[in-house]
Amino acid sequence: QKEVEQDPGPLSVPEGAIVSLNCTYSNSAFQYFMWYRQYSRKGPELLMYTYSSGNKEDGRFTAQVDKSSKYISLFIRDSQPSDSATYLCATIKAAGNKLTFGGGTRVLVKP
Amino acid sequence: AAGVIQSPRHLIKEKRETATLKCYPIPRHDTVYWYQQGPGQDPQFLISFYEKMQSDKGSIPDRFSAQQFSDYHSELNMSSLELGDSALYFCASSLVGGSAPEAFFGQGTRLTVV
């Protein structure tokens, strides 16, 4: 079983909808939680990272972490066709440690 | 802002040949990571270096080796290439000394073994 689980999708939404992405993890040692966006054949692009439980907002993106339930979420408001990509959650135990990825969720925002 | 630079972007090799992938981290970053991503898969960790010393090792085949040089660039050497080595290879860098956990990825090298 993977340490970080993520629904592979694909998740198809109409333009302007809220996209909700989720991951669960099993190792309590994970301390930092990140979301990457990856377009086809491109490198993963860091969107946000969080450390503690709670919410963190950056523009149209909101990341949530619930360490008690080991649950990570990313919400994309007012989704745009340009948001169509694969979204990867990732965790690390400490700065400098390897990233442990979820499998990625493919998102398609239809105009 | 400067990003992680990888070269070459594309590489075609024959079975049993050798390939060398290069990575230039973001300036002042002290940690470099190598990942392998197969089609439809998430990136798999291969190896990392902190201040030019190997800091962690993942599922890297014995046929692969890597190092980080004095200028902090890193090279991944792959020998006796197999068809299954065809994948996207990403390098990422971070600044551990500043306790910043964010790792930034390069655009990758697409390796095709024929």
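Going along each chain's sequence as written, the residues are numbered from 1 onward. Just so you know, chain letters begin at A and ligand numbers begin at 1, following the order they were written in. The predicted nature of this model means local features are confined to residues of pLDDT at least 70 and side-chain atom pairs, given and counted, to a pLDDT of 80 or more, with totals for whole chains, interfaces and linings taken over all residues. To obtain the side-chain values, all non-hydrogen atoms of the structure were used and water was disregarded.

### Looking at the layout of surface pockets
Going by this rule: Detection works on a 1 Å grid of protein atoms alone, calling trapped sets that fit a 1.4 Å probe cavities and calling open sets with protein on both sides within 12 Å along at least five of seven lines pockets, with lining residues defined by an atom within 4 Å of a point. Grid points are joined across faces, edges and corners, and a volume is the space filled by probe spheres set on the points. To qualify as a helix, a DSSP run of H or I must reach at least 4 residues; to qualify as a strand, a run of E must reach at least 2; elements of each kind are numbered from the N terminus. We call Asp, Glu, Lys and Arg charged. Ala, Val, Leu, Ile, Met, Phe, Trp, Tyr, Cys and Pro are nonpolar, and the rest, Gly among them, are polar.
By volume, the largest pocket amounts to about 530 Å³. The wall of the largest pocket is formed by 24 residues, among which Gln 37, Gly 38, Pro 39, Gly 40 and Gln 41 of chain B lie closest to the centre. Listing elements by their share of the lining of the largest pocket, those giving two or more residues are strand 9 (85-92) and strand 11 (105-110) of chain A together with strand 9 (87-94) and strand 11 (109-113) of chain B. A class-by-class count of the residues in the lining of the largest pocket yields 8 nonpolar, 12 polar and 4 charged. Approximately 190 Å³ is the volume attributed to the second largest pocket.

### Some details on the interface of chain B and chain A
What counts is decided by this rule: Contact criterion: two residues are considered in contact whenever any of their non-hydrogen atoms come within 4.5 Å of each other. Accessible-area loss on putting two parts together, using a 1.4 Å probe and summing over both, is the definition of buried area adopted here. The term salt bridge refers to a pairing of a side-chain nitrogen on Lys or Arg with a carboxyl oxygen on Asp or Glu at a separation within 4 Å. Polar contact is defined as a pair of N or O atoms within 3.5 Å, subject to the rule that within protein one atom must be able to donate a hydrogen and the other to accept it, and that residues adjacent in sequence are counted only when both atoms are side-chain atoms.
Between chain B and chain A, the residue contacts involve 21 residues of the former and 21 residues of the latter. A combined buried area of about 1700 Å² lies between chain B and chain A, and 60% of that area is made up of carbon and sulfur atoms. When the buried area of chain B at its contact with chain A is split by residue, Asp 42, Pro 101 and Phe 105 of chain B rank highest and sum to 31% of it. Our count for the contact surface shared by chain B and chain A stands at 1 salt bridge. Of the charged contacts in the structure, one is a salt bridge between Lys 2 of chain A and Asp 42 of chain B, with a shortest N-O distance of 3.3 Å. Run the count over chain B and chain A and you get 4 residue pairs in polar contact (both at pLDDT 80 or more).

### What to know about the environment of Thr 105 of chain A
All names here are of chain A. In this fold, Thr 105 is placed in strand 11. For the pair Thr 105 and Leu 47, spaced 58 residues apart in sequence, the C-alpha to C-alpha distance is 14 Å. If we skip the residues at most four places from it in the chain, Thr 105 touches Gln 6, Asp 7, Pro 8, Gly 9, Leu 11, Leu 21, Ala 85, Thr 86 and Tyr 87. Within polar-contact distance, the side chain of Thr 105 engages the side chain of Gln 6 at 3.2 Å. At 2.3 Å, the side chain of Thr 105 forms a polar contact with the backbone oxygen of Asp 7.

### A short note on the sheet that holds strand 8 (residues 74-78) of chain B
All names here are of chain B. Rules: Two strands are counted as paired when DSSP detects at least two bridges linking them. In this analysis an axis means a line fitted to C-alpha atoms, helices contributing only their contacting stretch, and an angle means the value between N-to-C directions, from 0 to 180 degrees.
Taken together, 4 strands build an open sheet; the order of strands is 1-3-8-7 and the sheet is antiparallel. Each end of this open sheet is capped by a strand with a single partner; those strands are strand 1 (5-7) and strand 7 (64-68). Here the strands of the sheet are splayed against their neighbours by 15 degrees on average, with no regard to which way each runs. Taken together, the 3 bridges between strand 1 and strand 3 (residues 19-24) define a ladder with antiparallel strand orientation. Residue pairing in the sheet places Gln 6 in a bridge with Cys 23 of strand 3.

### As for the packing of aromatic side chains
All names here are of chain B. What counts here: Here the aromatic set is Phe, Tyr and Trp, taking the six-membered ring for Trp, and pairing holds for ring centres within 6.5 Å; pairs whose planes are under 30 degrees apart are stacked, those over 60 apart are edge-to-face, and all others are tilted. For every residue, the accessible area obtained with a 1.4 Å probe (protein chains only) is divided by the maximum for its type, and the residue is called buried under 20%, exposed over 50%, and partly exposed between those limits.
Going through the model one piece at a time under the given rule, you end up with 12 aromatic pairs over all chains. Centroid distance Tyr 35 to Phe 45: 5.6 Å. Interplanar angle 65 degrees. Geometry classified as edge-to-face. Highlighted residues: Tyr 35 in strand 4 (residues 31-37) and Phe 45 in strand 5 (residues 44-50), separated in sequence by 10 residues. The class of Phe 45 is buried, set by a relative accessible area of 7%. Taken together, a centroid distance of 5.5 Å and an interplanar angle of 45 degrees make the contact between Tyr 35 and Phe 105 tilted. Here Tyr 35, found in strand 4, pairs with Phe 105, found in strand 10 (residues 104-105); they are 70 residues apart in sequence, far enough to count as distant.

### Side note on the state of the cysteines
Residue and element names in this part refer to chain A. Formally: For this text, the term disulfide refers to a pair of cysteine sulfurs within 2.5 Å.
Following the criterion strictly, the structure yields 2 disulfides over all chains and no others. Through a disulfide, Cys 23 is tied to Cys 89; the S-S separation comes to 1.9 Å. Between Cys 23 and Cys 89, the disulfide has an S-S torsion of -105 degrees and is therefore left-handed. You can see Cys 23 sitting in strand 3 (residues 19-25) and its partner Cys 89 sitting in strand 9, a full 66 residues away along the chain. Its relative accessible area of 1% is what places Cys 23 among the buried residues.

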